[in-house]
Amino acid sequence: MTPLPTRAVGSTGVRLSEVGFGAAGLGNLLRETSEEDARASVDEAWVLGVRSFDTAPHYGLGLSERRLGGALRDRPRDEYVLSTKVGRLLRPNPEPTACDDDGFAVPGDLHRVWDFTADGVRRSLDESLDRLGLDRVDIVYAHDPEMHTATSGREALEALAELRSEGTIRAIGVGTNSADQVAALCATGLPDVIMLAGRYTLLEQSALATALEPAAEAGVAVVAVGVFNSGLLSRPTPDPRSTYDYGVVPPTILARAERLAVICRDHGVDLPDAAIAFPLRHRAVVSVALGMRSAAQVADNIARYRRALPEALWSDLTAAGLLDPRSTAQDRNAL
């Protein structure tokens, strides 16, 4: 199958698949993923045209990087885009535990050490390349800098900009669960791309004014992740036992998701189909990265992405007060 359509990350020369492969599951996020399933998921993604892959040291204390690198190693390197992240160095755990205490089903023989300094950024990238078994990555994100200090994002971007100017990497950005610093970071002129998790989704458009529009005005691309809000939007009928932002679903959020599902059904649309399609309507969004840990999940997600949705769906969701009117006014042109 031919590769999926791509969109440009500004003027960097990098183009991302409209659907990218998020590899947190390959790091055993929340539960174990077998070696067989991990490899099969990457293989299926390739067959179905995905050419953008994202990982991080944080995901399974390096397991995701090792698995993803192994699955991509024999692929033509110029035919895909690979991103990883910096900000958490992996170091021997002075008090090893049977299981990682940060959400991944892996032994806790390593622990994460925050480091967004120039030296830490370079060491992190070198160590990621060792785990990946590859000679380069295309995009590097500062990972959750807002969780460390108020200045960590800027500090890491300045270090990454040096690597970009040296030609070591092609594009730089910030990966975050918070929209609070996005506008200020875009205004620095440093980032090429922002990876924003869970804040611009069918369920929640809180980042429209604080992140999406500032990014578009600054010429910064956005990769939307967490578009199922950690599971609540992943089924045609929302399950109260599912999770929202990796926690219990509040009743008001569940009610909103159920209203979304009803209107989607009225248009012959499954809720997850709309959840994948929605962020791509915004002019800043170049890709939706989906977490996929099995070949079946990959096939299901790509089939959902490929379904054409009626334009009337978006206007009806807006009329029902479920979408910010400004979100439906955006076009789908990439930056």
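My aim in this report is to walk through the structure given alongside it, one point at a time. Per chain, the residues get numbers from 1 upward, laid out in the order the sequence is written. pLDDT decides what is reported in this predicted model: residues at 70 or higher carry local features, side-chain atom pairs at 80 or more are listed and counted, and totals for whole chains, interfaces and linings draw on all residues regardless. Hydrogens and water are ignored here; the side-chain numbers use all heavy atoms of the structure.

**Comments concerning the environment of glycine 108**
Secondary structure elements are taken from DSSP: a helix is a run of H or I of four residues or more, a strand is a run of E of two residues or more, and numbering for both begins at the N terminus. Its place among the elements puts glycine 108 in strand 7 (residues 108-114). With 15 residues separating them in the primary sequence, glycine 108 and asparagine 93 have C-alpha atoms 7.1 Å apart. Contact between two residues is taken to exist if any of their heavy atoms lie within 4.5 Å; hydrogens are not considered. Ignoring sequence-local partners within four residues, the contact set of glycine 108 consists of Leu61, Asn93, Pro96, Thr97, Ala98, Cys99 and Asp100.

**What to know about the packing of helix 2 (residues 63-72) against helix 3 (residues 118-132)**
With axes taken as lines fitted to C-alpha atoms, and helix axes fitted only over the stretch in contact, angles between N-to-C directions fall between 0 and 180 degrees. Their axes nearest at 7 Å, the elements helix 2 and helix 3 cross at an angle of 55 degrees. It follows that helix 2 is oblique to helix 3 by the angle criterion. Residues Glu65, Arg66, Gly69 and Gly70 of helix 2 touch helix 3, and the partners they reach there are Ser128, Arg131 and Leu132. The nonpolar class holds Ala, Val, Leu, Ile, Met, Phe, Trp, Tyr, Cys and Pro. Asp, Glu, Lys and Arg form the charged class, and all remaining residues, Gly among them, are polar. Residue classes in the contact of helix 2 with helix 3 are distributed as one nonpolar, three polar and three charged. These descriptions rest on fixed angle ranges, namely under 35 degrees for roughly parallel, over 145 for roughly antiparallel, 65 to 115 for roughly perpendicular, and the rest for oblique.

**Remarks on empty space enclosed by the protein**
In this approach, a probe sized like a water molecule rolls over the atoms, and the result shows the empty space that is left. The definitions used throughout rest on a 1 Å grid laid over the protein atoms alone, on which a cavity is an enclosed set of points accommodating a 1.4 Å probe that cannot get out and a pocket is an open set flanked by protein within 12 Å on both sides along at least five of seven lines; lining residues are those having an atom within 4 Å of a point. Grid points are joined across faces, edges and corners, and a volume is the space filled by probe spheres set on the points. Inspection of the entire model under this criterion finds two cavities of 30 Å³ or more. Quantified by volume, the largest cavity comes out at close to 100 Å³. Around the largest cavity sit 14 residues that line it, and Leu16, Ser52, Asp54, Ser83 and Met195 are the ones nearest its centre. Mapped onto the lining of the largest cavity, the elements with two or more residues apiece are strand 3 (19-22), strand 4 (52-54), strand 5 (81-86), strand 8 (139-143) and strand 14 (285-291). Considering every element that reaches the lining of the largest cavity, the biggest residue donor is strand 4, with three residues.

**A few points about the sheet that holds strand 10 (residues 193-197)**
Here we have eight strands rolled up into a closed barrel, ordered 3-4-5-8-9-10-11-14, and parallel in their pairing. The average undirected angle you get between the axes of adjacent strands in this sheet is 25 degrees. Inspection of the sheet shows strand 11 (residues 221-225) paired to strand 14 by four bridges, in the parallel sense. Considered in strand 14, the bridge of valine 225 is made with alanine 289. Seen against the sheet, helix 6 (residues 207-218) touches strand 10, strand 11 and strand 14 and runs at an angle of roughly 160 degrees to strand 10. When DSSP finds two or more bridges between two strands, those strands count as paired.

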